[in-house]
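Observations on the model geometry
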Amino acid sequence: MTAECVFCRIVAGDLPAAVLVETDTVLAFRDIAPQAPVHVVVVPKEHHTDVAALAAVDPAGLAEVVKVANEVAEREAEGEYRLVFNTGPDAGQSVFHAHGHVLAGRLMGWPPG
Ligand code: DGP
């Protein structure tokens, strides 16, 4: 946990969030700035800077993130979804705590912006 990390603060219960799924190692909650009718952020409870760091240190933790993302999408969007891990500022990452975005509920364009 880092005191200045917004997702660590949500995991710790210091900041409110609309939580959909909680497991021993993962939390899924609605994004504060939704980009689709379904937009849920899935985070490991442990702090890792991005998905690459998570994969290197805790591959099972990354697998749990993907499993929970799929559960959310099954529940909210009949299992059709996009799972996005913005990695680095140029890719749009603004919160440096590993997270996957579950986006669903509308047609997705390709290529992404
Ligand atoms: P990214 O830009 O890929 O790092 O995604 C970070 C996302 O986190 C962004 O879509 C907005 C969301 N977000 C930032 N702060 C909060 C917050 O305090 N609560 C919630 N629920 N989401 C947040």
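1. Points about helix α3 (residues 59-77)
- Look at α3: 26 Å from first C-alpha to last across 19 residues, which is about the 27 Å you get at 1.5 Å a residue.
- Three or more residues of α3 are buried, namely G61, L62, E64, V65, V68, A69, V72, A73 and A77.
- Looking at the buried positions of α3, the neighbouring elements they touch are β1 (19-22), β2 (26-30), β3 (38-44), α2 (51-57), β4 (82-84) and β5 (100-104).

2. What to know about the site of the ligand
- Taken together, 14 residues lie near the ligand, and D31, N86, G92, S94 and H101 sit nearest.
- G92 is positioned such that a nitrogen or oxygen atom in its backbone is 2.8 Å from an oxygen atom of the ligand.
- In this structure, an oxygen atom belonging to the ligand sits 2.8 Å away from a side-chain N or O atom of H101.
- Contact with the protein chains removes 82% of the 510 Å² of surface that the ligand exposes when unbound.
- Here the ligand occupies the largest pocket.
- Sort the elements by how many residues they give to the shell around the ligand and helix α1 (residues 6-12) lands first, with three residues.
- Across the shell around the ligand, the residue classes break down as six nonpolar, six polar and two charged.

Rules used in this analysis
Residues numbered from 1 in each chain as written. Predicted model: local features only at pLDDT ≥ 70, side-chain atom pairs only at ≥ 80, totals over all residues. Heavy atoms only, no water. Helix = DSSP H or I, 4+ residues; strand = E, 2+ residues; numbered from the N terminus. Expected span 1.5 Å × (residues − 1). Buried < 20%, exposed > 50% of the residue type's maximum accessible area, 1.4 Å probe, protein only. Contact = heavy atoms within 4.5 Å. Near = heavy atom within 4 Å. Polar contact = N/O pair within 3.5 Å; in protein donor to acceptor, adjacent residues only side chain to side chain. Areas by Shrake-Rupley, 256 points an atom, 1.4 Å probe, with all protein chains shown as cover. 1 Å grid on protein atoms, 1.4 Å probe; cavity = no way out; pocket = protein on both sides within 12 Å on 5 of 7 lines; lining within 4 Å. Sits in = over half its atoms within 2 Å of the grid points. Nonpolar A, V, L, I, M, F, W, Y, C, P; charged D, E, K, R; others polar.

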